[in-house]
Amino acid sequence: MKKFLLMAIAGILAALPADAQVYRNSRYYNPGSGRLDYSRNHRVTSGHRYGSYWNGGDTYFGLRVGPAFTTVSSDDPYLDGSSMKTGLNVGLAAGFAVAPRAPLYFETGLYYTEKGGKAKGNHADFTYNLDYLEVPLVLKYKHAIDRDVTVEPFLGGYLACGVGGKIKDFGERAAYSSFSDNPYSFQRFDGGLRMGCGMSYDIFYADITYDLGLANICHDDFDTSKNQALMLTVGMNF
(Lines give C-alpha, C1' and ligand atoms only; values in the text may rest on other atoms or scores of the structure.)
Protein backbone atom coordinates (compact mmCIF):
# COMPACT_ATOMS: atom_id res chain seq x y z
CA MET A 1 0.00 0.00 0.00
CA LYS A 2 2.70 2.50 0.97
CA LYS A 3 4.73 1.84 -2.19
CA PHE A 4 1.65 2.18 -4.38
CA LEU A 5 0.68 5.49 -2.77
CA LEU A 6 4.16 6.94 -3.15
CA MET A 7 4.21 5.97 -6.83
CA ALA A 8 0.74 7.48 -7.34
CA ILE A 9 1.79 10.75 -5.72
CA ALA A 10 4.92 10.90 -7.87
CA GLY A 11 2.81 10.35 -10.99
CA ILE A 12 0.32 13.05 -10.06
CA LEU A 13 3.12 15.48 -9.29
CA ALA A 14 4.72 14.83 -12.67
CA ALA A 15 1.40 15.58 -14.35
CA LEU A 16 0.89 18.96 -12.67
CA PRO A 17 0.71 21.75 -15.26
CA ALA A 18 4.00 23.55 -15.75
CA ASP A 19 2.21 26.87 -16.25
CA ALA A 20 0.55 26.90 -12.80
CA GLN A 21 0.50 30.42 -11.37
CA VAL A 22 2.73 29.79 -8.35
CA TYR A 23 5.17 27.81 -10.48
CA ARG A 24 5.51 30.70 -12.96
CA ASN A 25 6.03 33.23 -10.16
CA SER A 26 9.04 31.39 -8.77
CA ARG A 27 12.32 33.27 -8.93
CA TYR A 28 13.75 30.06 -10.44
CA TYR A 29 11.22 29.76 -13.27
CA ASN A 30 12.92 30.07 -16.66
CA PRO A 31 10.33 31.28 -19.21
CA GLY A 32 12.62 30.23 -22.03
CA SER A 33 12.62 26.55 -21.07
CA GLY A 34 9.34 26.49 -19.13
CA ARG A 35 11.12 24.72 -16.27
CA LEU A 36 12.63 25.53 -12.88
CA ASP A 37 16.29 26.47 -13.26
CA TYR A 38 18.18 26.80 -9.96
CA SER A 39 21.40 27.95 -11.62
CA ARG A 40 20.23 31.57 -11.84
CA ASN A 41 17.51 33.99 -10.77
CA HIS A 42 14.79 34.46 -13.42
CA ARG A 43 12.64 36.79 -11.30
CA VAL A 44 9.40 37.98 -12.90
CA THR A 45 7.86 40.55 -10.58
CA SER A 46 4.43 40.84 -12.19
CA GLY A 47 3.05 37.92 -10.20
CA HIS A 48 3.68 39.44 -6.78
CA ARG A 49 1.98 42.13 -4.78
CA TYR A 50 3.54 43.86 -1.81
CA GLY A 51 1.88 44.90 1.42
CA SER A 52 -0.44 42.82 3.57
CA TYR A 53 -0.66 39.81 1.30
CA TRP A 54 1.08 37.75 -1.32
CA ASN A 55 -0.66 37.20 -4.63
CA GLY A 56 0.11 33.60 -5.51
CA GLY A 57 -2.87 33.02 -7.79
CA ASP A 58 -6.30 31.54 -7.22
CA THR A 59 -5.05 27.97 -6.76
CA TYR A 60 -1.91 26.09 -5.85
CA PHE A 61 -0.85 22.46 -5.57
CA GLY A 62 1.84 21.03 -3.35
CA LEU A 63 3.80 17.96 -2.39
CA ARG A 64 4.29 17.30 1.33
CA VAL A 65 6.40 14.76 3.26
CA GLY A 66 7.69 14.43 6.80
CA PRO A 67 7.52 12.55 10.11
CA ALA A 68 4.42 12.13 12.28
CA PHE A 69 4.82 11.77 16.07
CA THR A 70 1.65 10.11 17.33
CA THR A 71 -0.12 8.60 20.33
CA VAL A 72 -3.43 6.86 21.05
CA SER A 73 -5.10 8.03 24.25
CA SER A 74 -7.58 5.47 25.62
CA ASP A 75 -9.57 4.73 28.77
CA ASP A 76 -9.04 1.04 28.00
CA PRO A 77 -5.61 0.05 29.34
CA TYR A 78 -5.33 -2.59 26.61
CA LEU A 79 -5.65 0.06 23.86
CA ASP A 80 -3.85 2.95 25.53
CA GLY A 81 -0.83 3.80 23.41
CA SER A 82 0.28 6.93 25.25
CA SER A 83 3.97 6.40 24.41
CA MET A 84 4.93 8.20 21.22
CA LYS A 85 5.34 6.39 17.92
CA THR A 86 7.01 7.85 14.80
CA GLY A 87 5.55 7.30 11.35
CA LEU A 88 5.42 8.74 7.83
CA ASN A 89 3.17 11.54 6.60
CA VAL A 90 3.15 12.10 2.82
CA GLY A 91 0.64 13.52 0.41
CA LEU A 92 -0.62 16.16 -1.97
CA ALA A 93 -2.14 19.52 -1.02
CA ALA A 94 -4.45 21.79 -3.01
CA GLY A 95 -5.37 25.36 -2.08
CA PHE A 96 -8.16 27.55 -3.43
CA ALA A 97 -8.60 31.28 -2.85
CA VAL A 98 -11.81 32.11 -0.99
CA ALA A 99 -11.57 35.92 -0.98
CA PRO A 100 -10.64 38.07 -4.03
CA ARG A 101 -8.83 40.74 -2.02
CA ALA A 102 -7.45 38.79 0.92
CA PRO A 103 -4.79 36.06 1.16
CA LEU A 104 -7.27 33.51 2.56
CA TYR A 105 -7.27 29.99 1.11
CA PHE A 106 -9.22 26.78 1.63
CA GLU A 107 -6.69 23.94 1.65
CA THR A 108 -7.45 20.26 1.26
CA GLY A 109 -5.61 17.28 -0.23
CA LEU A 110 -4.96 13.58 0.24
CA TYR A 111 -2.37 12.20 2.67
CA TYR A 112 -1.09 8.82 3.74
CA THR A 113 -0.38 9.09 7.48
CA GLU A 114 1.01 6.46 9.84
CA LYS A 115 -0.49 7.05 13.28
CA GLY A 116 -0.73 4.93 16.41
CA GLY A 117 1.16 4.62 19.66
CA LYS A 118 3.01 2.35 22.04
CA ALA A 119 2.14 0.83 25.42
CA LYS A 120 4.94 -0.16 27.77
CA GLY A 121 4.98 -0.96 31.46
CA ASN A 122 2.65 -2.83 33.84
CA HIS A 123 3.48 -6.04 31.94
CA ALA A 124 2.24 -4.46 28.66
CA ASP A 125 4.33 -4.25 25.51
CA PHE A 126 2.21 -3.26 22.50
CA THR A 127 2.66 -1.22 19.35
CA TYR A 128 -0.41 0.11 17.56
CA ASN A 129 0.16 0.87 13.88
CA LEU A 130 -2.80 2.78 12.40
CA ASP A 131 -2.34 3.72 8.74
CA TYR A 132 -4.82 6.26 7.35
CA LEU A 133 -5.77 8.05 4.20
CA GLU A 134 -6.56 11.57 5.41
CA VAL A 135 -8.30 14.60 3.90
CA PRO A 136 -7.51 17.92 5.62
CA LEU A 137 -10.11 20.71 5.52
CA VAL A 138 -8.50 23.94 6.73
CA LEU A 139 -8.53 27.69 6.18
CA LYS A 140 -5.06 29.16 5.66
CA TYR A 141 -4.01 32.79 5.85
CA LYS A 142 -0.87 33.78 3.93
CA HIS A 143 0.87 36.79 5.44
CA ALA A 144 3.73 38.23 3.37
CA ILE A 145 6.97 39.03 5.18
CA ASP A 146 8.74 40.13 2.00
CA ARG A 147 8.82 39.32 -1.70
CA ASP A 148 9.56 35.63 -1.17
CA VAL A 149 8.63 34.71 2.41
CA THR A 150 5.14 34.10 3.80
CA VAL A 151 3.92 32.92 7.20
CA GLU A 152 0.81 30.76 6.89
CA PRO A 153 -1.24 29.89 10.01
CA PHE A 154 -4.15 27.50 9.45
CA LEU A 155 -7.08 26.03 11.35
CA GLY A 156 -9.75 23.48 10.52
CA GLY A 157 -10.22 19.73 10.69
CA TYR A 158 -9.48 16.41 9.06
CA LEU A 159 -11.32 13.24 8.05
CA ALA A 160 -9.55 9.88 7.89
CA CYS A 161 -10.14 6.28 6.87
CA GLY A 162 -7.97 3.44 8.12
CA VAL A 163 -6.39 1.45 5.29
CA GLY A 164 -3.99 -0.84 7.13
CA GLY A 165 -1.76 -1.50 10.10
CA LYS A 166 -1.01 -4.11 12.73
CA ILE A 167 -1.36 -4.31 16.48
CA LYS A 168 1.74 -6.08 17.78
CA ASP A 169 1.70 -7.80 21.16
CA PHE A 170 5.37 -8.41 21.93
CA GLY A 171 4.58 -10.22 25.16
CA GLU A 172 2.55 -12.88 23.34
CA ARG A 173 4.53 -12.49 20.08
CA ALA A 174 1.25 -12.05 18.21
CA ALA A 175 0.04 -9.55 15.61
CA TYR A 176 -3.38 -8.85 14.13
CA SER A 177 -5.17 -6.22 12.07
CA SER A 178 -5.60 -2.78 13.60
CA PHE A 179 -9.01 -2.36 11.93
CA SER A 180 -11.40 -5.28 12.44
CA ASP A 181 -14.42 -6.39 14.47
CA ASN A 182 -12.13 -7.59 17.24
CA PRO A 183 -13.08 -5.65 20.43
CA TYR A 184 -9.37 -5.05 21.03
CA SER A 185 -8.84 -3.35 17.67
CA PHE A 186 -9.90 0.04 16.33
CA GLN A 187 -12.69 1.46 14.20
CA ARG A 188 -11.71 2.49 10.70
CA PHE A 189 -13.02 6.08 10.55
CA ASP A 190 -11.53 9.05 12.38
CA GLY A 191 -11.85 12.82 12.42
CA GLY A 192 -10.85 15.80 14.48
CA LEU A 193 -9.32 19.25 14.67
CA ARG A 194 -6.24 20.33 12.74
CA MET A 195 -4.18 23.44 13.46
CA GLY A 196 -0.70 24.66 12.72
CA CYS A 197 1.51 27.15 10.96
CA GLY A 198 3.52 26.99 7.78
CA MET A 199 6.21 29.09 6.16
CA SER A 200 7.16 29.35 2.52
CA TYR A 201 10.18 30.68 0.69
CA ASP A 202 9.49 31.04 -3.01
CA ILE A 203 7.94 27.65 -3.92
CA PHE A 204 9.53 25.82 -0.95
CA TYR A 205 7.32 25.10 2.04
CA ALA A 206 7.51 23.75 5.61
CA ASP A 207 5.00 23.53 8.45
CA ILE A 208 4.19 22.11 11.86
CA THR A 209 0.73 20.56 12.29
CA TYR A 210 -1.17 19.24 15.28
CA ASP A 211 -4.10 16.84 14.94
CA LEU A 212 -6.47 16.39 17.88
CA GLY A 213 -8.74 13.40 17.30
CA LEU A 214 -12.37 13.88 18.35
CA ALA A 215 -13.84 10.58 17.15
CA ASN A 216 -13.92 7.53 19.39
CA ILE A 217 -11.93 4.96 17.40
CA CYS A 218 -12.44 1.97 19.72
CA HIS A 219 -15.43 -0.40 19.64
CA ASP A 220 -16.41 0.06 23.30
CA ASP A 221 -19.47 2.20 24.08
CA PHE A 222 -18.14 3.07 27.53
CA ASP A 223 -14.41 3.67 26.95
CA THR A 224 -12.93 6.08 24.41
CA SER A 225 -9.77 6.00 22.29
CA LYS A 226 -8.56 9.02 20.35
CA ASN A 227 -5.66 9.83 18.05
CA GLN A 228 -3.22 12.67 18.56
CA ALA A 229 -0.42 13.64 16.18
CA LEU A 230 2.30 16.25 15.78
CA MET A 231 3.63 16.41 12.22
CA LEU A 232 6.54 18.22 10.60
CA THR A 233 6.35 18.51 6.82
CA VAL A 234 8.41 19.98 4.02
CA GLY A 235 7.56 20.28 0.36
CA MET A 236 7.04 22.46 -2.68
CA ASN A 237 4.10 24.43 -4.11
CA PHE A 238 3.30 24.60 -7.81
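Residues numbered from 1 in each chain as written. Predicted model: local features only at pLDDT ≥ 70, side-chain atom pairs only at ≥ 80, totals over all residues. Heavy atoms only, no water.

Asks: Outline the side chain of Asn 129, listing residues and values.
Replies: As for its position among the elements, Asn 129 is in strand 6 (residues 124–141). Excluding residues that lie within four positions of it along the chain, Asn 129 makes contacts with Lys 85, Lys 115, Gly 164, Gly 165, Lys 166, Lys 168 and Ser 178. (Helix = DSSP H or I, 4+ residues; strand = E, 2+ residues; numbered from the N terminus. Contact = heavy atoms within 4.5 Å.)

Asks: Give a detailed account of the nonpolar core, specifying residues and quantitative values.
Replies: Counting 14 residues, the largest nonpolar core has Tyr 128, Leu 130, Tyr 132, Phe 186 and Ile 217 as its most contacted members. When residues in this core are grouped by element, the largest group, 4 residues, is from strand 6. Residues within four places of Ile 217 in sequence aside, it is in contact with Val 72, Leu 130, Tyr 132, Phe 186, Gln 187, Phe 189, Asp 190, Ser 225, Lys 226 and Asn 227. (Core = buried A, V, L, I, M, F, W, Y, C linked by side-chain atoms within 4.5 Å. Buried < 20%, exposed > 50% of the residue type's maximum accessible area, 1.4 Å probe, protein only.)

Asks: So what's going on with the environment of Leu 212? Which residues, and what values?
Replies: Checked against the element boundaries, Leu 212 lands in strand 12 (residues 204–213). Spatially, the C-alpha atoms of Leu 212 and Leu 230 are 9.0 Å apart, while their sequence positions differ by 18 residues. Beyond its immediate chain neighbours, meaning those up to four positions away, Leu 212 contacts Tyr 158, Gly 192, Leu 193, Asn 227 and Gln 228.

Asks: Before we move on, could you go through the pattern of salt bridges and cite the residues and values that matter?
Replies: Summed over all chains, the structure comprises 7 salt bridges. One salt bridge in this structure joins Lys 140 and Glu 107, with 3.0 Å as the shortest N-O distance. Of this pair, Lys 140 sits in strand 6 while Glu 107 sits in strand 5 (residues 104–121); the two residues are 33 residues apart in sequence, bridging distant segments of the chain. Like Glu 107, Lys 140 is buried. Residue Glu 152 is joined to Lys 140 by a salt bridge in which the shortest nitrogen-to-oxygen separation is 3.5 Å. Residue Glu 152 is found in strand 8 (residues 149–164), and its partner Lys 140 is found in strand 6; the two are separated by 12 residues along the sequence. With a relative accessible area of 1%, Lys 140 lands in the buried category. Each member of the salt-bridge network shares a partner with another, and the members are Lys 115, Glu 134, Arg 194 and Asp 211. (Salt bridge = Lys/Arg side-chain N within 4 Å of Asp/Glu carboxyl O.)

Asks: Go over the side chain of Thr 233 with me, naming the residues and quoting the values.
Replies: Note that Thr 233 resides in strand 13 (residues 225–237). A distance of 2.5 Å separates the side chain of Thr 233 from the side chain of Asp 207, its partner in a polar contact. In contact with Thr 233, other than residues within four places in its own chain, are Arg 64, Val 65, Gly 66, Asn 89, Tyr 205, Ala 206 and Asp 207. (Polar contact = N/O pair within 3.5 Å; in protein donor to acceptor, adjacent residues only side chain to side chain.)

Asks: Tell me what's going on with the packing of aromatic side chains, and back it up with residues and numbers.
Replies: Tallying each qualifying case throughout the model produces 6 aromatic pairs. Measuring from centroid to centroid gives 6.1 Å for Phe 126 and Tyr 128, while their planes differ by 10°, and the two rings are stacked. For Phe 126, a relative accessible area of 8% translates into the label buried. Connected via pairs of aromatic rings, a cluster forms that spans Tyr 78, Phe 126, Tyr 128, Tyr 184 and Phe 186. Over the face of the ring belonging to Tyr 60 we find Lys 142, whose NZ or CZ atom lies 3.8 Å from the ring centre. In this structure, Lys 142 is placed above the aromatic ring of Tyr 105, and the distance from its NZ or CZ to the ring centre is 4.9 Å. (Phe/Tyr/Trp six-rings, centres within 6.5 Å; stacked < 30°, edge-to-face > 60°. Lys NZ or Arg CZ within 6 Å of the ring centre and 35° of its normal.)

Asks: Got a sec to walk through unusual backbone geometry? Specific residues and values, please.
Replies: Despite not being glycine, Arg 173 has its phi angle at roughly 55°, a positive value. Along the chain, Arg 173 falls in the loop between strand 9 (166–169) and strand 10 (174–177). The phi dihedral of Asp 202 falls on the positive side, at around 55°, and the residue is not glycine. Residue placement: Asp 202 occurs in the loop between strand 11 (189–201) and strand 12.

Asks: Report on the environment of Thr 127, specifying residues and quantitative values.
Replies: As for its position among the elements, Thr 127 is in strand 6. Residue classification places Thr 127 among the buried residues on the basis of a relative accessible area of 11%. Residues in contact with Thr 127, not counting those within four places in the same chain, are Lys 85, Gly 117, Lys 118, Lys 166, Ile 167, Lys 168 and Phe 170.

Asks: Before we move on, can you summarise the environment of Ile 208 with the specific residues and values?
Replies: Position of Ile 208 relative to the elements: it lies in strand 12. On the accessibility criterion, Ile 208 (39% relative accessible area) is partly exposed. Sequence separation between Ile 208 and Ala 68 is 140 residues, and the spatial gap between their C-alpha atoms is 10.0 Å. Excluding residues within four positions of it along the chain, Ile 208 makes contact with Phe 154, Met 195, Gly 196, Cys 197, Leu 230, Met 231 and Leu 232.

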